[in-house]
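Coordinates in review
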Amino acid sequence: MPVNNDTMTNDRDVASAIPASCFLIRHLDFVITNAASSTTPAPSLLRCSPHLTIQSLRRSFWLFRHLMKRYLPFLLVAAVALAAFGSGAVLYRAKRPQLLAIPETRNLTGKSGTESMHIRGNPDAPVTLEEFGDFQCPPCSSFAGFIEELLKQYDSRLRIVFRNFPLPAHEHAREAALAAEAAGMQGRFWEMHDVLYREQAVWSKAPNARELFESYAGTIGLNLDQFRKDMDSEKAKERVDSDHALGDSLGVKFTPTLYINNQPVEPKDKNPEGVRAAINAALARKSQS
Amino acid sequence: MTVSRFRTILYAVAAIVSVIGLADATYLSVQALTGETLSCGGSPDCFRVLGSSYARIGGIPVALLGALAYFSVFASATFAAFGYARARTLLIPVIGAMFVFTLWLLYVQAFLLHAYCRYCLFSAAITFLLAGLVIAVPASQEE
């Protein structure tokens, strides 16, 4: 059998360049080849010739490939599971709104100055449901219908407070908030609130929503000239901005964001069952205290 | 290229594609769990679909079930690529079930909700691609 002298020379060169690993590799080779036999003597450092070391290296490489082929799919599946779960957890922590409780010291008696405070229901009710809402937001529209049900169900035990939180993504949301505030200056905030949500699908897509707001103002019996002036007034703008600033300070990012007796409602509870359960819990706490 | 090698490549591609689907489903699961899809302020095209009653089964977000399905496909495809015959037999029914469920979700978006979520459409495309890859695996070589 012909022998390639060049290859053997190169093998020896490589082996002589790694003398420190010689014993380790020989020992690994011994483990591979004599794993079943406990009587075979262990290799000594003196028996470590360069040519044998290359054979051991090749054998080790084969073993590595064999182990990789056997265990790599398990490693890959575990790595992807870990990556998916880890990234999901990080994303969840980042996206979860960190809402602060509304300070107990804040006055909830009604609107004054630049502050906009719109209360529906019994002003002395033991439970207050406060909503940061956007008139162009469809879930807020759905929630408005649910509020009617809540007021009927809880009667004098519940009051609703509405806060303007128009989102920049909604083209006509701020103008709608101004329209509601302007209606509020004539004592018809909730009438405008209801008509804005009821007709949301119409004015949301209209090129000039203001014309529609003015027609709604006429429908609910407002003085139109006054309504137009109030919509453009600094007072209306300041009221909307005041609500928005309050929401920003509490960490509000989405609408509707709900508070029950100054405590934020968890996103997972933003459904009829969750809100009712939170109101019942607040009522129970009030009756105990 | 041998049939065996071609088959291995197809399973490897299926594994990579399923990881993309897993990323998409993980994102949607997080949206559902944080309540973002029930509100305005998140993805405007998502909340109509993912905030609907069709987006949960027994209180569990469909997106979370999708993430589990994509992970199953990834695991099966990876093992199949490494020559595990049982993984191949598992892969076909899982992708078949995903395919049928995706058709149902597309029907819901088109005819019941009249709204499309782009992340859901992306997921549907991934499922169709996976189905195509599994179909493309040479049938005669199946063990």
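What you see is a predicted model; the values in this text were computed from it and never measured.

Quick look at the overall build of chain A
Of the regular secondary structure elements, chain A holds 11 helices and five strands. Scored against the burial criterion, the 289 residues of chain A give a buried share of 31%. Counting contacts in chain A only where the partners sit at least 6 residues apart, residues at least 24 apart contribute 77% of the total.

Thoughts on the overall build of chain B
The number of helices and strands found in chain B is five helices and two strands. Across chain B, helices and strands are ordered from the amino to the carboxyl terminus as α-α-β-β-α-α-α. When contacts within chain B are restricted to residue pairs at least 6 apart in sequence, those whose partners lie at least 24 apart make up 69%.

Some words on the interface of chain A and chain B
Interface size is commonly expressed as the accessible surface area that is lost when the partners come together. If you look at the interface, chain A gives 28 residues, while chain B gives 26 residues. Of all the elements in the fold, those that place two or more residues in the side of chain A that touches chain B are helix 3 (50-95) and helix 4 (138-154) of chain A. A per-class count over the side of chain A that touches chain B returns 18 nonpolar, three polar and seven charged.

Overview of the nonpolar core
In this structure, Ala176, Ala179, Ala180, Ala183, Met192 and Leu196 of chain A are the most contacted members of the largest nonpolar core, which totals 43 residues. With eight residues, the top contributor of residues to this core is helix 5 (residues 173-185) of chain A. For Leu196 of chain A, the residues in contact, after removing those within four places along its chain, are Phe135, Ala176, Ala179 and Ala180 of chain A. Listed in part, the 38 residues of the second largest apolar core include Val49, Val62, Leu91 and Ala124 of chain B.

Some remarks on the sheet that holds strand 2 (residues 127-133) of chain A
The pairing of strands in a sheet comes from backbone hydrogen bonds and takes either a parallel or an antiparallel form. Reading across the sheet, the five strands line up as 1-3-2-4-5 (chain A) and stay open at both edges, with mixed pairing between neighbours. Unpaired on one side and paired on the other, strand 1 (118-121) and strand 5 (263-264) of chain A mark the two borders of the sheet.

Regarding helix 3 (residues 62-81) of chain B
All names here are of chain B. Across its 20 residues, helix 3 extends 28 Å between first and last C-alpha, which sits within 8% of the 28 Å expected from 1.5 Å per residue. Counted residue by residue, helix 3 has 16 buried out of 20 residues, so it is predominantly covered. Just past helix 3, the residue Gly83 takes up positive phi, approximately 95 degrees.

A look at the environment of Trp190 of chain A
Residues and elements named next belong to chain A. Within the element layout of this structure, Trp190 appears in helix 6 (residues 189-198). For Trp190, a count of 17 C-beta atoms within 10 Å gives the class partly exposed. Once the C-alpha coordinates of Trp190 and Ile119 are considered, the two residues, 71 residues apart in sequence, prove to be 8.8 Å apart. When neighbours within four sequence positions are excluded, Trp190 is seen to be in contact with His118 and Arg120.

Points about the packing of helix 3 of chain B against helix 4 (residues 85-113) of chain B
Residue and element names in this part refer to chain B. Where helix 3 contacts helix 4, the axes come no closer than 9 Å and their chain directions differ by 150 degrees. Of the possible angle classes, the one that applies to helix 3 and helix 4 is roughly antiparallel. The hand of the helix 3/helix 4 crossing is left-handed. In this structure, helix 3 uses Ala69, Ser72, Val73, Ser76, Ala77, Phe79 and Ala80 to contact helix 4, whose residues at the interface are Ala87, Arg88, Leu90, Leu91, Val94, Ile95 and Met98.

Some thoughts on the environment of Pro138 of chain A
Residues and elements named next belong to chain A. Topologically, Pro138 is positioned in helix 4. Pro138 gets classed as partly exposed once you count the C-beta atoms within 10 Å, which come to 19. C-alpha separation for the pair Pro138 and Gln200, spaced 62 residues apart in sequence, amounts to 7.8 Å.

A few points about the packing of helix 5 of chain A against helix 8 (residues 209-219) of chain A
Residues and elements named next belong to chain A. In the contact formed by helix 5 and helix 8, the axes pass within 10 Å of each other and the chain directions differ by 25 degrees. Relative to helix 8, the element helix 5 is oriented roughly parallel. Pair helix 5 / helix 8 crosses with right-handed handedness. Every residue of helix 8 that contacts helix 5 at Glu175, Ala176, Ala179 and Ala183 is listed here: Ala209, Arg210, Phe213 and Ala217.

Section: unusual backbone geometry
Residues and elements named next belong to chain A. Of note, the amide linkage connecting Thr255 to Pro256 takes the cis form, showing an omega dihedral of -5 degrees. Inspection of the secondary structure puts Pro256 in the loop between helix 10 (234-250) and strand 4 (257-260). You will see that Asp155, though not glycine, has its phi angle at about 50 degrees, which is positive. Residue Asp155 is classed as exposed on the basis of its C-beta count, with 11 C-beta atoms lying within 10 Å.

Section: the confidence of the model for chain A
Residue and element names in this part refer to chain A. Per-residue pLDDT for chain A averages 81, and the proportion of residues at 70 or more is 78%. Mean pLDDT values over the elements of chain A span from 48, in helix 1 (residues 5-17), up to 95, in helix 5. Scored below 50 in pLDDT, residues 1-9 shows one contact in the model against residues more than four places distant or in partner chains. In the model, residues 108-114 has pLDDT below 50 throughout and makes nine contacts with residues more than four positions away in sequence or in other chains.

Side note on the confidence of the model for chain B
On average, residues of chain B score 87 in pLDDT, and 90% of them reach the 70 mark or higher. The ipTM value of the predicted complex is 0.86, and its pTM value is 0.65.

Some remarks on helix 4 of chain B
Residue and element names in this part refer to chain B. When the terminal C-alpha atoms of helix 4 are compared, their 41 Å separation across 29 residues agrees well with the 42 Å that a helix rising 1.5 Å per residue should span. For helix 4, the complete set of buried residues consists of Arg88, Leu91, Ile95, Met98, Thr102, Leu105 and Gln109. Just past helix 4, the residue His114 takes up positive phi, approximately 55 degrees.

Observations concerning the environment of Ser76 of chain B
Residues and elements named next belong to chain B. As for its placement among the helices and strands, Ser76 is situated in helix 3. Taking the C-alpha atoms as reference, Ser76 lies 4.8 Å from Ala87; in sequence the two are 11 residues apart. In contact with Ser76, not counting residues within four places along its chain, are Ala87, Leu90, Leu91 and Val94.

Reading guide: rules and limits
- Residues numbered from 1 in each chain as written.
- Chains lettered and ligands numbered in written order.
- Predicted model: local features only at pLDDT ≥ 70, side-chain atom pairs only at ≥ 80, totals over all residues.
- Helix = DSSP H or I, 4+ residues; strand = E, 2+ residues; numbered from the N terminus.
- Buried ≥ 20, exposed ≤ 12 C-beta atoms within 10 Å, placed from the backbone.
- Contact = placed C-beta atoms within 7 Å.
- Nonpolar A, V, L, I, M, F, W, Y, C, P; charged D, E, K, R; others polar.
- Core = buried A, V, L, I, M, F, W, Y, C linked by C-beta atoms within 7 Å.
- Pairing = 2+ DSSP bridges.
- Expected span 1.5 Å × (residues − 1).
- Axes fitted to C-alpha atoms, helices over the stretch in contact; angles between N-to-C directions.
- Parallel < 35°, antiparallel > 145°, perpendicular 65-115°, else oblique.
- Left-handed = near helix turned anticlockwise from the far one by under 90°.
- pLDDT = per-residue confidence, 0-100.

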